[in-house]
Amino acid sequence: MGFLTSDAFSWLLLAVCAAAALLYALIRRREMPEGRASRAAVLVCVAMALAATVIGRVQRYVGAPMLGLIMGMLLVNLAPAGWFSSDYRRASAFMGKTYLSFGIVLLGATLSFEDLFNAVYALPLIVFNMLLSFGVAYLVGGRLMGVSGNVCTLVGSGTCVCGGTAIAAISPVIGAEEEDTAYAMTAIFLFDMLACLGYPYFAMLIGMSSEQFGFLAGSAVNDTSSVVAAQETYAALNGLQDYALPTTIKVVRTTMIIVLTLIFSTLTARKRAREGAGAGETGRRVSFWASLPKFIPVFLIMIVANTALGGLASGTPVYELAVQPLFTNAYKFMVTVALTAIGFKISFRELFTSGLRPIALGGCTWFAVFLSSLAFSLAFA
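Residues numbered from 1 in each chain as written. Predicted model: local features only at pLDDT ≥ 70, side-chain atom pairs only at ≥ 80, totals over all residues. Heavy atoms only, no water.

Some points on the overall build of the protein
(1) Moving on: Regarding its fold elements, the protein presents 18 helices and zero strands.
(2) Moving on: Against the globule reference of 21 Å for 381 residues, the protein gives a C-alpha radius of gyration of 21 Å, in line with a compact fold.
(3) Moving on: Along the first, second and third principal axes, the C-alpha atoms of the protein reach 60 × 60 × 45 Å.
(4) Moving on: Considering the protein as a whole, with its 381 residues, one finds that 51% of them fall into the buried category.
(5) Moving on: Put simply, of all contacts in the protein between residues at least 6 apart along the chain, 81% involve residues at least 24 apart.
(6) Moving on: Accessible area of the protein: about 17,100 Å², with a carbon and sulfur share of 67%. (Helix = DSSP H or I, 4+ residues; strand = E, 2+ residues; numbered from the N terminus. Rg over C-alpha atoms; globule rule 2.2 N^0.38 Å. Buried < 20%, exposed > 50% of the residue type's maximum accessible area, 1.4 Å probe, protein only. Contact = heavy atoms within 4.5 Å. Areas by Shrake-Rupley, 256 points an atom, 1.4 Å probe, with all protein chains shown as cover.)

Here it is as structure tokens:
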């Protein structure tokens, strides 16, 4: 930025994100539970999101959103009884929902339809993995494990698209409970860490080429930060410069959030229409719009706007060095605030009882996608 070093500008962006989070809470204050507990919840969650973001920058293996979820869970479970009132928990539940929606809207400003064409050759594998992931989630999770339909949907979405971001986008669309979101996040996190740390060395062990590893990591590692970490580890092990194939494929996966949100919005609308009192065709259209979370149209508008703006302003210093980094940091920070708030809803006792089956399901979907991506990489890359 000329007068700012990259580190100073990075800290400035973080400060802007924190200020935006507090301003957003001020704008939505009439909808939040009243009292000091609400203000305390906002301040605590924003402060913990700041800490999670800083820790996420120090190391590249665990992203800030997942760190925020873990920190929220640790604090509420280790704090003395009575520290967090029921009003505080209601306020944090409200924050979890509203900041997730806000974060996904901002995510739209980081995507463009051009991204779909940058690695279009990976689309067959991505689409197949989506079908495979949901197939395993519903068959194994729903029929064999007795996992709820919402958790199956969230685990399938997180595995096949982009981990926590996909779960954050789909959760309000299907009306998932905060506990369902947290269980799915935990399941995705555990196996994502295994993939992130293990895939580069596994690729070296079996002699994969850089193209083959690019397909494996880009299509089978979930969170974007984990893909970058695996990519950089592999590049360092092999002495590669400017190696970005995994991230390129991952960007295409991320854009598939658009497809998933529209599909599940339609399915949710039809489900609610069937549950209604025999609505007709007009009723179904009204029901679809009523079932569609209003952040989804705004999310799509932001993608269109970013596609147009990217075409006009691409390469300009303001767009490349200020606009893009601002939205990228802002969407991650808002999702981190939301997941920190969701962490306050989860107890360790529930996680290691009710949460064990979702975690096991996450392992099944992860392993299925791993085998699919590995086979594709070895056969075609």
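Structural notes on the nonpolar core
(1) Moving on: By size, the foremost hydrophobic cluster in this structure holds 112 residues, and its most contacted members are Met 95, Tyr 99, Tyr 199 and Phe 333.
(2) Moving on: Sorting elements by how many residues they give to this core places helix 9 (residues 178-206) first, with 12 residues.
(3) Moving on: Tyr 199 has contacts with Leu 194, Phe 213, Leu 216, Ala 220, Val 221, Trp 366 and Phe 370, leaving out every residue within four places of it along the chain. (Core = buried A, V, L, I, M, F, W, Y, C linked by side-chain atoms within 4.5 Å.)

Quick notes on the environment of Val 173
(1) Moving on: Mapped onto the elements, Val 173 comes out in helix 8 (residues 164-174).
(2) Moving on: Taking C-alpha positions, Val 173 is 21 Å from Phe 189, a pair spaced 16 residues apart along the chain.

Things to note about the side chain of Lys 250
(1) Moving on: Position of Lys 250 among the secondary structure elements: in helix 12 (residues 245-255).
(2) Moving on: Despite its burial, Lys 250 remains without a salt bridge, the nearest opposite charge being carried by Asp 223 at 6.7 Å.
(3) Moving on: At 3.3 Å, the side chain of Lys 250 and the backbone oxygen of Asn 222 are in polar contact.
(4) Moving on: Ignoring sequence-local partners within four residues, the contact set of Lys 250 consists of Val 161, Cys 162, Gly 218, Val 221, Asn 222, Asp 223, Thr 224 and Val 227. (Lys, Arg positive; Asp, Glu negative; His and termini not counted. Salt bridge = Lys/Arg side-chain N within 4 Å of Asp/Glu carboxyl O. Polar contact = N/O pair within 3.5 Å; in protein donor to acceptor, adjacent residues only side chain to side chain.)

Describing the packing of aromatic side chains
(1) Moving on: Going through the model one piece at a time under the given rule, you end up with 16 aromatic pairs.
(2) Moving on: Residues Tyr 88 and Phe 344 carry aromatic rings whose centres are separated by 5.3 Å and whose planes lie at 70° to one another, so their mutual orientation is edge-to-face. Here Tyr 88, found in helix 4 (residues 86-108), pairs with Phe 344, found in the loop between helix 16 (317-343) and helix 17 (348-351); they are 256 residues apart in sequence, far enough to count as distant. Across the pair, Phe 344 and Tyr 88 agree in class, each one buried.
(3) Moving on: An angle of 65° between the planes, with centres 5.7 Å apart, marks the rings of Phe 202 and Phe 370 as edge-to-face. (Phe/Tyr/Trp six-rings, centres within 6.5 Å; stacked < 30°, edge-to-face > 60°.)

Observations regarding helix 6 (residues 123-145)
(1) Moving on: Counted at 1.5 Å a residue, the expected span for helix 6 with its 23 residues is 33 Å, and the 30 Å between its end C-alpha atoms agrees.
(2) Moving on: Residues of helix 6 that are buried include every one of Leu 125, Ile 126, Asn 129, Met 130, Ser 133, Phe 134, Val 136, Ala 137 and Gly 141, and no others.
(3) Moving on: Residue Gly 146 follows helix 6 closely and has a positive phi angle near 70°. (Expected span 1.5 Å × (residues − 1).)

What about the state of the cysteines?
(1) Moving on: Here the structure, examined in full by the defined rule, presents zero disulfides.
(2) Moving on: We note that Cys 152 lacks a disulfide partner, and the nearest cysteine sulfur, in Cys 364, lies 11 Å from it.
(3) Moving on: Residue Cys 152 is classed as buried on the basis of its relative accessible area, which comes to 1%.
(4) Moving on: Unpaired in terms of disulfides, Cys 196 finds its nearest cysteine sulfur in Cys 162, a separation of 16 Å. (Disulfide = S-S within 2.5 Å.)

Structural notes on the environment of Phe 213
(1) Moving on: Position of Phe 213 relative to the elements: it lies in helix 10 (residues 210-220).
(2) Moving on: In this structure Phe 213 comes out as buried when scored by relative accessible area, which is 0%.
(3) Moving on: Once the C-alpha coordinates of Phe 213 and Gln 231 are considered, the two residues, 18 residues apart in sequence, prove to be 8.6 Å apart.
(4) Moving on: Excluding its chain neighbours within four sequence positions, the residues that come into contact with Phe 213 are Tyr 199, Pro 200, Ala 203, Met 208, Gly 218, Ala 230, Gln 231, Tyr 234, Tyr 243 and Pro 246.

Here we look at the packing of helix 2 (residues 36-58) against helix 16
(1) Moving on: Close contact between helix 2 and helix 16 brings their axes to 9 Å; oriented N to C, the two are set at 120°. Comparing their axes, helix 16 and helix 2 come out oblique. Here the hand of the crossing between helix 2 and helix 16 comes out right-handed. Residues Cys 45, Val 46, Met 48, Ala 49, Leu 50, Ala 52, Thr 53 and Arg 57 of helix 2 form the contact with helix 16, whose participating residues are Asn 329, Phe 333, Thr 336, Val 337, Thr 340 and Ala 341. (Axes fitted to C-alpha atoms, helices over the stretch in contact; angles between N-to-C directions. Parallel < 35°, antiparallel > 145°, perpendicular 65-115°, else oblique. Left-handed = near helix turned anticlockwise from the far one by under 90°.)

Looking at a nonpolar patch on the surface
(1) Moving on: The grouping of Leu 12, Val 16 and Leu 326 at the surface amounts to a nonpolar patch, some 210 Å² of accessible area in total.
(2) Moving on: Secondary-structure assignment places Leu 326 in helix 16. (Patch = residues over 30% accessible without salt bridge, like charges linked within 9 Å, V, L, I, M, F, W, Y side chains within 5 Å.)

Any functional reading would require information that these geometric values do not contain.
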